Amino acid sequence: MKVCIAEKPSVAREIAGILGANARRDGYFEGNGYQVTWTFGHFCTLKEPHEYAPQWKQWSLDLLPMIPPRFGIRLIENEGVKKQFGVIEKLISEAEEVINCGDAGQEGELIQRWVMQKAQTKIPVKRLWISSLTEDSIREGFNNLKDQSAFDKLYEAGLSRAIGDWLLGMNATRLYTVKYGQNRSVLSIGRVQTPTLALIVNRQLEIENFKPEPYWELKTVYRDTTFSATKGRFTVKEEGEKFLEEIKQSDFEVTDVSTKNGEELAPRLFDLTALQVECNKKFAFSAEDTLKTIQSLYEKKLTTYPRVDTTYLSDDMYPKVPAILRGLAGYEELAKPVLALPKIPKTKKVFDNSKVTDHHAIIPTGVRANNISAEERKVYDLITRRFIAAFYPNCKIATTTVLGEAAKVEFKVTGKQILEPGWRVVFEKPSNNPNQEEEENDKGDENLLPAFVKGEVGPHEPALNEKWTQPPKYYTEATLLRAMETAGKLVEDDELRDALKENGIGRPSTRAAIIETLFKRNYIRKERKNLYATQTGVELIGTIKEELLKSAELTGLWEKKLRQIEKNEYDPRQFIDELKQMLTEIVANVKSDWGSRITITEAVKVEAERPKKAPKEKKPASERKPRAKKEKAEKVVALDNQQTINPEKLICPFCKKGTVLKGKTAYGCSEWKSGCNFRLPFEEAGEDPANTIEKMRT
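Cut-offs used in this document
- Residues numbered from 1 in each chain as written.
- Predicted model: local features only at pLDDT ≥ 70, side-chain atom pairs only at ≥ 80, totals over all residues.
- Heavy atoms only, no water.
- Pairing = 2+ DSSP bridges.
- Helix = DSSP H or I, 4+ residues; strand = E, 2+ residues; numbered from the N terminus.
- Axes fitted to C-alpha atoms, helices over the stretch in contact; angles between N-to-C directions.
- Contact = heavy atoms within 4.5 Å.
- Core = buried A, V, L, I, M, F, W, Y, C linked by side-chain atoms within 4.5 Å.
- Buried < 20%, exposed > 50% of the residue type's maximum accessible area, 1.4 Å probe, protein only.

### Thoughts on the sheet that holds strand β21 (residues 660-662)
Then comes step 1: Strands sit in the order β21-β22-β23 across an open sheet of three strands; the sheet is antiparallel. At either end of the open sheet lies a strand with only one pairing partner, and these are β21 and β23 (679-681). Each strand of the sheet is rotated relative to its neighbour by a mean of 25°, with strand direction disregarded.
Then comes step 2: Here three bridges tie β21 to strand β22 (residues 666-669), and the two strands are oriented antiparallel to one another. Paired with K662 across the two strands is Y667, which belongs to β22.

### Details of the sheet that holds strand β4 (residues 34-38)
Then comes step 1: Here seven strands make up an open sheet; going across it, the order is β2-β3-β4-β1-β7-β8-β9 and the pairing mixed. Looking at which strands have only one partner, the edges of the open sheet turn out to be β2 (23-25) and β9 (146-147).
Then comes step 2: With three bridges connecting them, β2 and strand β3 (residues 28-31) associate as antiparallel partners. The partner of A23 across the bridge, within β3, is E30.
Then comes step 3: Across the sheet, helix α1 (residues 9-19) touches β1 (2-6), β3, β4 and β7 (97-101), and the angle it forms with β4 is around 165°.
Then comes step 4: In the packing of helix α4 (residues 106-118) onto the sheet, contacts are made with β1, β7 and β8 (125-127), and the angle to β7 comes to roughly 150°.

### Re the nonpolar core
Then comes step 1: By size, the foremost hydrophobic cluster in this structure holds 152 residues, and its most contacted members are I15 and F387.
Then comes step 2: For this core, the element with the most residues is helix α6 (residues 152-180), which contributes eleven residues.
Then comes step 3: With near-sequence residues (within four places) excluded, I15 lies in contact with A6, V36, C101, L128, I138 and F142.
Then comes step 4: Among the nonpolar cores identified, the runner-up in size contains 18 residues, and F243, F252, V402 and F411 belong to it.

Below you can see the structure in the form of structure tokens.
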């Protein structure tokens, strides 16, 4: 009997149906010489500290660093997990062969290997490696099963990642909690989590410390077209005014008109990060929401494997393109021009084996998309249109540059005209999306110019406009994902971004979870799309002196080594030894530090409208309108970490012992009998009482 182990019951059901294992048993399917069982995510984890040494149960600086001589795994404490593992263990003990049908990625490999290790598997193991869950893909995978040993390096990379996270997470979290925490509150430190928080904190501090400076731009309007002076900005107003007076006395003359034809390539196919970025921009989906949605589409056989970091297809996918296009119900008119071609184009911008490792880019499978949710439809539509557009002609454009001058001051304007839309027609569709104004407009960068002739002269309207330098923008989930992908470097060019992916922090499959962890730890909060660090988050990063713990660039180098382990280019033992050495140095440095304790910010939810701006942009309480009479059905929105807490549940900002009480005309403290004189009238609390109280407390 051959035992197949899938990562989810739904996947096991699909595999069992294809293999003819149609008899349902307790915890598995059986038939045709196969038994198909399943896990449901992680069944095993690395042991807790006290399981290696009893004294490590105590949180003490004297016991750090904790470095086990040999790591071990244990079954997760869950009755459902224990029961299902018992089924797997029994099946393996009686089997002649095991087929690992886990998700085809590093995490999937680690999950299944640990289960088989815990079950003490001694029989041969094969690996099913597929990129989609369609019947054809599963059948093809079973016809081409590989020896599990072919994926040993993938497992070693996953194991090194898990051990590295354990070493740093367990030790650094205890180290900073005991040294700087308050009231036994845990200060969580993580190999990827902490540098990600540092990105948000550093950007926030940069914005808060930003000092705007004025500058002036000299422009002129000629034939309803705005030309900009090529001199650039003026930092001294008088200098700009001097030029303004000069050009007022002179007509405007067109000195050169040049047009250059060019082509724009279709947007790249999606990897997971690009999809999460696009969904956050267009639909305000969180990274976690997008991951759950694309995972659901994958399990419904509608799209290919989602946890990928490439935007290319392998050459063996090329013959499958026509069948996929023909299967895209609802997109027939868009697919028709491609299918009508004598030969579908095959370019290096789409097909490149050297850019594909375990899996190719996310594309539709060609299976009819029926009975999917509105959210799934949005994500599916993005993926499908990208796929179709990849086989359309390039968009042909003409870029026109017009130069002119007045009183020998040079001016310039550039405009673009679309000559042949090419792939752009795939994205031309009416939208009822409420976030339409925030979507990228494919034609927004077009600046159509009237026909100018070299040598023409005429009147113009010059002006000197005062502007102010602007701070960088707060991170959104979209921009944070890009920053994680490039280790904090601001990169727009796709080719350069590809080069930096090697040093990105986290993996495509884990970045969403990292961001969610920061929310759960109450290190960050979200207002509209912007991400803000809480006081705890800011103080934590300020307290950490070790750059290795909070530098995205340095953490990116660790990630690169993990990828090298996967490719058999780096020794996993060396990676762990380097981490151990680094950890020993960090513990010694923190123990000798005399830093202050860190404020623990509580999660807050208030009965108020969601604020339109960041807290620092709010008007002072004295300038706000008195709060309108409270309605019966009050709205409840999150200000910190999505937990429902009434203003009355907040800690008193004065005595820090009592809780805030709501009286008839003001908020007060429950410790008023003990002498606390905290009082906040409703009109001073404004529309956002919890935020006002929180500011007073911190």
